[in-house]
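Reading the structure
Given next are the chains, with one letter for each unit.
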Amino acid sequence: MSKIPVIIDCDPGVDDSYAIALANSWPEYDIVAITPVEGNVPAAVTRKNALCLREMLDIDCRVGFGAETPLVKPYARDAAGTHGVSGVGSVVFPDPRLGPDEKPAWEVIYEEAVKADGKLLLFAVGPLTNIATALRLHPDLPKYINKFCIMGGGTVGNIRETNRTAEFNIWVDPLAAKEVFEKLEVYMVGCNACYLSEIKGSEFDEMIALCGDNPKAYLVRELSVFSKKNSLENGHDNNIIYDALAVASMIDPEVVKYEDYYVYVEDRNDVINEGQTVVDLDRTSGKEPNCHVAMGVDKERFVAMLKDMCRFYAAK
Ligand code: RIB
Ligand code: CA
């Protein structure tokens, strides 16, 4: 059976790295491109991490460098507390041997979408700047995409400045998100779902043990060592592997329960809820649903999938 072509637009990022490792471990997926964007850490760092992740995980794919700043909003704040200054916690990467694609993220996304001829599964697990740019330059992009799944937004958020109405990926570039939600059918794995998938210390311990000491499992093992420590000892939210849940929701439909709602993005910058994905939960907008919103999580299935991922790399 032919594999599903997959693109992961991301801001690696500890949980982005888990997401890429999970997608890479799934036999039905063929990662054809990784496209880094500004987000958890500045673009110079997400770009380097994308190149390094490709090589550490032996992924034969394009790396198209994406945006360094949001479409109009200044790049206000990183998430280095959660991801470390390197963006990948305590993971140490050898210097990458291969460089980026000669084309930028938005051109790589479009070219691969056309090549996939309607079969493309596009993940976006960082700010949506690259996706919005690709849509501005190539208005026919939607017809080439089979499914578009994001980690972002939600019925609740995680940005304190917005009274936790907005989630980081959307809040970094609200205009990009607004345009993307207006142009694409979105599978949205947001904070409300991610909060139902918290990983316990004992589950991190099991994942670490399953990795064993195989060098091929170094990445996932080290991500788990860091995530356990940085959440349980330092109080950061690394016990929520946000981006991996988005990937898991497409691998196994039983992991996440989606419900269809109309959603728009608040992109005004003079309101407290700038960057909120406003979900029409009581269906009073009069607008047709445009978004599949993740509302339920089978955490046991998710953790089991993460453990299978560890076994995959331990056996390489
Ligand atoms: O709010 C969590 C999201 O923001 C995750 O994708 C994390 O990697 C950061 O990008
Ligand atoms: Ca991310």
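Everything below is about the structure printed above this text.
All of the points below concern the structure found in this document. In this convention, every chain numbers its residues from 1, walking through the sequence in written order. Each chain gets a letter, beginning with A, and each ligand a number, beginning with 1, in the order they are written. Selection of residues for local features in this predicted model requires a pLDDT of at least 70, selection of side-chain atom pairs for listing and counting requires 80 or more, and totals for whole chains, interfaces and linings are taken over all residues. Based on all heavy atoms of the structure, the side-chain values leave hydrogens and waters out of the count.

What follows deals with the sheet that holds strand 4 (residues 120-124). Taken in spatial order, the 8 strands line up as 3-2-1-4-5-6-10-7 in an open sheet, and their pairing is mixed. Looking at which strands have only one partner, the edges of the open sheet turn out to be strand 3 (62-63) and strand 7 (256-261). With 7 bridges connecting them, strand 1 (residues 4-10) and strand 2 (residues 29-36) associate as parallel partners. Paired with Asp9 across the strands is Thr35, a residue of strand 2. Two strands qualify as a pair provided that DSSP identifies no fewer than 2 bridges between them. Here a strand is any run of E in DSSP of at least two residues, a helix any run of H or I of at least four, and the numbering for each starts at the N terminus.

What follows is about the site of ligand 1. Taken together, 13 residues lie near ligand 1, and Asp15, Asn158, Glu167, Asn169 and Asp243 sit nearest. Under the rule applied, a polar contact is a pair of N or O atoms within 3.5 Å (in protein, one hydrogen donor and one hydrogen acceptor; residues adjacent in sequence only if both atoms are side-chain atoms). Between ligand 1 and the protein, one listed contact pairs an oxygen atom with a side-chain N or O atom of Asp15 at 2.6 Å. Separating an oxygen atom of ligand 1 from a side-chain N or O atom of Asn40 is a distance of 2.9 Å. Working definition of accessibility: Shrake-Rupley area with a 1.4 Å probe, residue cover restricted to the visible protein chains. In isolation ligand 1 exposes 280 Å². Once the protein is present, 96% of that is buried. For each structure, a 1 Å grid was placed over the protein atoms alone; sets of points admitting a 1.4 Å probe that cannot get out are labelled cavities, open sets with protein on both sides within 12 Å along at least five of seven lines are labelled pockets, and lining residues have an atom within 4 Å of a point. Think of it this way: a molecule belongs to a cavity or pocket when more than half its atoms come within 2 Å of the grid points there. Judged by its atoms lying within 2 Å of the grid points, ligand 1 is housed in the largest pocket. Going through the elements one at a time, helix 1 (14-25), helix 6 (168-172) and helix 11 (242-251) are the ones with two or more residues in the shell around ligand 1. Gly is put with the polar residues, along with every residue not named as nonpolar or charged; the nonpolar set is Ala, Val, Leu, Ile, Met, Phe, Trp, Tyr, Cys and Pro, and the charged set is Asp, Glu, Lys and Arg. Here the residues of the shell around ligand 1 are counted per class, giving 4 nonpolar, 4 polar and 5 charged. Any residue with a heavy atom positioned within 4 Å of a molecule or strand is treated as near that molecule or strand.

This brings us to the pairing of strand 4. With 5 of 5 residues buried, strand 4 lies mostly within the body of the structure. Because side chains alternate across strand 4, one face comprises the buried residues Leu120, Leu122 and Ala124, and the other comprises Leu121 and Phe123, equally buried. One ladder, built from 5 bridges, connects strand 4 with strand 5 (residues 145-151); its direction is parallel. Paired with Leu122 across the strands is Phe148, a residue of strand 5. Convention used here: a crossover is right-handed provided that the path from the first strand, over the helix, to the second strand proceeds clockwise when the strands point away from the viewer. Remark: the strand 4/helix 5 (residues 129-137)/strand 5 crossover connection has right-handed handedness. Exposure categories follow from relative accessible area, calculated using a 1.4 Å probe and restricted to protein chains: below 20% of the type maximum is buried, above 50% is exposed, and the middle band is partly exposed.

Residues of strand 6 (residues 186-189) alternate between two faces, with Val186 and Met188 on one and Tyr187 and Val189 on the opposite face, all of them buried. Relative to strand 6, strand 5 runs parallel, the two sharing 3 bridges. Bridge pairing in strand 6 links Cys149 to Tyr187. Where strand 6 lies against strand 10 (residues 291-297), 3 bridges are found, and the strand directions are parallel. What sits directly across from Met188, in strand 10, is Val293.

For the rest of this paragraph, the subject is the environment of Ala177. Looking at where Ala177 falls in the secondary structure, it is placed in helix 7 (residues 174-183). Between the C-alpha atoms of Ala177 and Ile131, which are 46 residues apart in sequence, the distance is 8.6 Å. By definition, residues are in contact when any of their heavy atoms lie within 4.5 Å. Each residue touching Ala177, except ones within four places of it in the same chain, is listed here: Leu128, Ile170 and Val265.

Here the focus is the environment of Glu254. The topology assignment puts Glu254 in the loop between helix 11 and strand 7. For Glu254, a relative accessible area of 53% gives the class exposed. Here the alpha-carbon distance between Glu254 and Pro127, two residues 127 residues apart in the chain, equals 26 Å. Excluding anything up to four places from it in sequence, Glu254 contacts Asp298 and Arg301.

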